[in-house]
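# Chain and residue survey
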Amino acid sequence: MVIKLNRSGGEIYKTGYTDAADHGLIGNCRTAALVSISGTVAQLCLPHFDSPSVFARILDKNHGGHFSIRTETETTSKQQYIPSTNILATKFLSDQGVGQIIDYMPLPSSKSGSATHGFLPWLVRRVEVIRGSLPFHMECAPAFDYARATHETKIFPASNTDTSPRVLFTCPQHVNLDLRFVTDGGADSTPPVIALDLLDLSVRGHKGLGVAADFTLTEGQSVTFVLREPPKDSGNANGGTSGRTVEEGNENVLAQKLGVQALTRSYEDPILSVPFLDALLRDTTNYWLKWISKCTYKGRWREFVQRSALAIKLLTFSPTGAIVAAPTFSLPEDLNGAGRNWDYRYSWLRDSAFSIYALLRLGFTEEADAYMGWLSGLLDNKNEDGGLQIMYTIHGEKEIPELELDHLDGHKGQKPVRIGNGAANHLQLDIYGELLDSIYLAQKLSRPLGYETWVKVRELVDYVCKSWDQPDLSIWEVRGERQNFLYSKVLLWVAIDRGIRLADKRSLPCPNRTHWITTRDQIYEEIQTKGWNKEKKFFAQSYENLEVLDSSVLVMSLTFFMHANDPRFMSTLNAVMKPRDKGGLTENNLVYRYDTDKVDDGTGGGEEGAFSMCTLWLIESLARAGEFEPALLEKAVGMLEDYMGYSNHLGLLSEEVSKGGEPLGNFPQAFSHVGLISTVFNVDKVARMHR
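Summary of the structure given here. (Residues numbered from 1 in each chain as written. Predicted model: local features only at pLDDT ≥ 70, side-chain atom pairs only at ≥ 80, totals over all residues. Heavy atoms only, no water.)

Okay, the sheet that holds strand β27 (residues 610-611) next. One open sheet accounts for three strands, arranged β27-β28-β29; its pairing is antiparallel. Where the open sheet ends on each side, the last strands, each with one partner, are β27 and β29 (663-664). Sheet analysis places strand β28 (residues 656-657) next to β29, joined by two bridges and oriented antiparallel. Paired with Val 657 across the two strands is Pro 663, which belongs to β29. (Pairing = 2+ DSSP bridges. Helix = DSSP H or I, 4+ residues; strand = E, 2+ residues; numbered from the N terminus.)

All right, on to the packing of aromatic side chains then. Taken as a whole and judged by the stated rule, the model has 22 aromatic pairs. With a centroid separation of 6.1 Å and an interplanar angle of 50°, the aromatic rings of Phe 215 and Phe 225 are classed as tilted. One end of the pair, Phe 215, is in strand β15 (residues 210-218); the other, Phe 225, is in strand β16 (residues 222-228), with 10 residues separating them in the sequence. An aromatic cluster is built from Phe 136, Phe 181, Phe 215 and Phe 225, whose rings are joined through pairwise contacts. Above the plane of the ring of Phe 67 lies Arg 125, whose end atom (NZ or CZ) is 5.0 Å from the centre. The ring of Trp 476 has Arg 593 lying over it, and the distance from NZ or CZ to the ring centre is 5.0 Å. (Phe/Tyr/Trp six-rings, centres within 6.5 Å; stacked < 30°, edge-to-face > 60°. Lys NZ or Arg CZ within 6 Å of the ring centre and 35° of its normal.)

Another aspect to go through is the packing of helix α5 (residues 349-361) against helix α7 (residues 431-445). Relative orientation of the contacting elements α5 and α7 amounts to 25°, with a least axis distance of 8 Å. It follows that α5 is roughly parallel to α7 by the angle criterion. As α5 packs across α7, the resulting crossing turns out to be left-handed. Residues Leu 349, Arg 350, Ala 353, Phe 354, Tyr 357, Leu 360 and Arg 361 of α5 lie in contact with α7, whose contacting residues are Ile 431, Glu 434, Leu 435, Ser 438, Leu 441, Ala 442 and Leu 445. Of the residues belonging to the contact of α5 with α7, the class tally is 10 nonpolar, one polar and three charged. (Axes fitted to C-alpha atoms, helices over the stretch in contact; angles between N-to-C directions. Parallel < 35°, antiparallel > 145°, perpendicular 65-115°, else oblique. Left-handed = near helix turned anticlockwise from the far one by under 90°. Contact = heavy atoms within 4.5 Å. Nonpolar A, V, L, I, M, F, W, Y, C, P; charged D, E, K, R; others polar.)

Next up, the structure:
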């Protein structure tokens with residue numbers, strides 16, 4: 001557990017920016033927030049993952065927007081999740097006292113809601129003192145629409161129904177928000193007194209006022225802040241409400257939990273009270289405990305696996321079943337000005353498919369069914385040529401224009417800050433392999449395919465048979481020339497192979513079966529003849545770059561293209577494991593994608609970090625080869641436990657790791673957590689064979 005001096009949002013860091021690793025993630029399966037170890041909400045997009053930001057301090061320390069709660073005296077801080085949940089606890093420790101912030105986004109304890117509420121799109125921050133006394137300073141300074149839009153701020157006094165003042169932030173170009181709070185004195189003391197003041201940060205570039213408060217809490221006292229988008233059917237700006245009220249069948253339970261007056265307010269706009277907020281926290285806790293209890297993995301790395309599963313669940317957009325690659329945008333992959341800063345708040349078919357694979361392996365079939373529903377919609381809206389895009393918005397939309405926000409500084413000064421993603425229109429043929437593999441596994445471990453879905457799958461395989469010999473831009477989304485990348489060729493083989501398996505296993509009609517088999521075998525032979533470097537004895541990056549070693553070819557053993565003990569694969573594996581200064585791709589037990597000095601990939605150059613997914617692919621390949629060579633399994637276990645040490649203090653993983661061990665790229669990264677789950681599952685599987 002990391003313990004650090006507590007300062008307001010980055011003051012202890014030379015750049016003024018809190019390291020990406022020093023953040024936790026909370027969310028409600030619609031959006032997510034990064035919360036720093038110093039108690040600052042450093043990024044939050046509303047209302048959804050891919051919506052404009054309200055807080056983006058992690059990308060601009062001056063006017064990105066923030067919601068910070070810090071102690072006024074020097075403390076050290078530590079951060080952890082409440083066990084088996086996505087509820088974050090940040091603790092502040094000193095001789096004077098110990099305080100804690102509980103951060104979460106509420107979720108109902110069941111699909112039909114709970115006795116107290118339905119789905120509430122809120123950010124809840126509970127501040128409490130456990131021992132002694134601590135002074136706090138709170139600042140809520142939103143910067144709407146990526147800090148581009150102006151807003152108005154008004155503080156309303158307490159009323160008959162709202163016992164504390166509230167703040168209304170009005171931004172017609174984005175969303176309206178209000179901030180409320182409830183104080184609690186505990187069993188033996190009176191509630192603390194909190195006064196809100198307007199906060200003018202215009203000298204730092206803010207386009208509207210924030211609010212601030214100074215308050216002191218003693219042992220047993222607490223204050224809970226609730227930031228939310230007011231319900232659409234709310235009445236006047238002074239807080240009047242209208243809309244659906246509580247059903248009569250629940251009124252006894254609600255009267256007990258919330259008080260009789262609560263029955264006059266809607267589910268979407270409940271009156272805040274201590275009992276209601278306590279019930280809200282219990283319901284959210286129960287939601288996560290109930291969800292993670294479905295996990296079937298019981299092996300030696302259970303804690304890491306469960307945390308990875310919880311992280312992936314946070315990246316799931318529950319209204320559609322889509323899964324985002326990461327909840328953040330433009331966190332740099334290089335800290336020396338290379339400009340490799342991308343927006344990952346979209347659903348890549350590749351990443352989503354791997355995520356479903358991981359969740360299915362752990363027993364989470366509901367997410368797989370939801371994803372298949374989302375995918376079915378995409379299959380009804382294919383491109384004119386019969387193919388699919390590599391990524392979509394979480395709503396299934398195709399248009400994702402890429403823009404640069406020049407007014408934002410970038411994390412640690414690393415410009416540009418990009419939103420949208422220009423790779424959406426890339427031709428990356430590997431996606432069909434990941435997609436068909438996930439469909440195959442989903443029908444095997446969850447619901448069987450219906451006939452209509454099978455017809456759509458059949459059309460995809462036919463498209464692959466027609467398009468497989470084209471060069472593309474492949475998994476690394478290079479922004480240079482198209483090539484015949486081996487990774488794509490292997491996954492195209494996988495796409496056809498899984499189509500054939502589906503037809504055979506389920507006895508499904510397959511008019512083009514003979515053509516599928518012929519094409520699959522043709523791809524296999526071509527990879528072996530055109531992708532193999534005979535002199536250096538490794539599978540190369542592409543047919544065009546036979547001298548370039550690329551760790552993505554390790555996917556061969558993971559997809560059953562060839563066994564890990566195949567001599568050609570073992571030779572490639574050994575080549576990848578050589579140190580980088582000796583022509584390999586491994587350094588300090590971490591694996592790099594390829595030698596950037598040998599490849600102009602058009603993405604900005606610079607010194608990139610080791611890739612988490614590539615490292616995990618190597619480990620899993622070693623484990624699979626360890627079935628017949630136990631020494632390789634031992635090597636895999638050592639590398640796996642070493643890699644786990646690069647997770648942050650909460651067990652969250654980045655896309656890349658710098659030479660100095662610092663996370664690089666958007667954070668946390670679904671692909672990395674998916675890779676960890678798959679690797680652990682298979683390392684454990686092989687290890688059991690040797691017991």
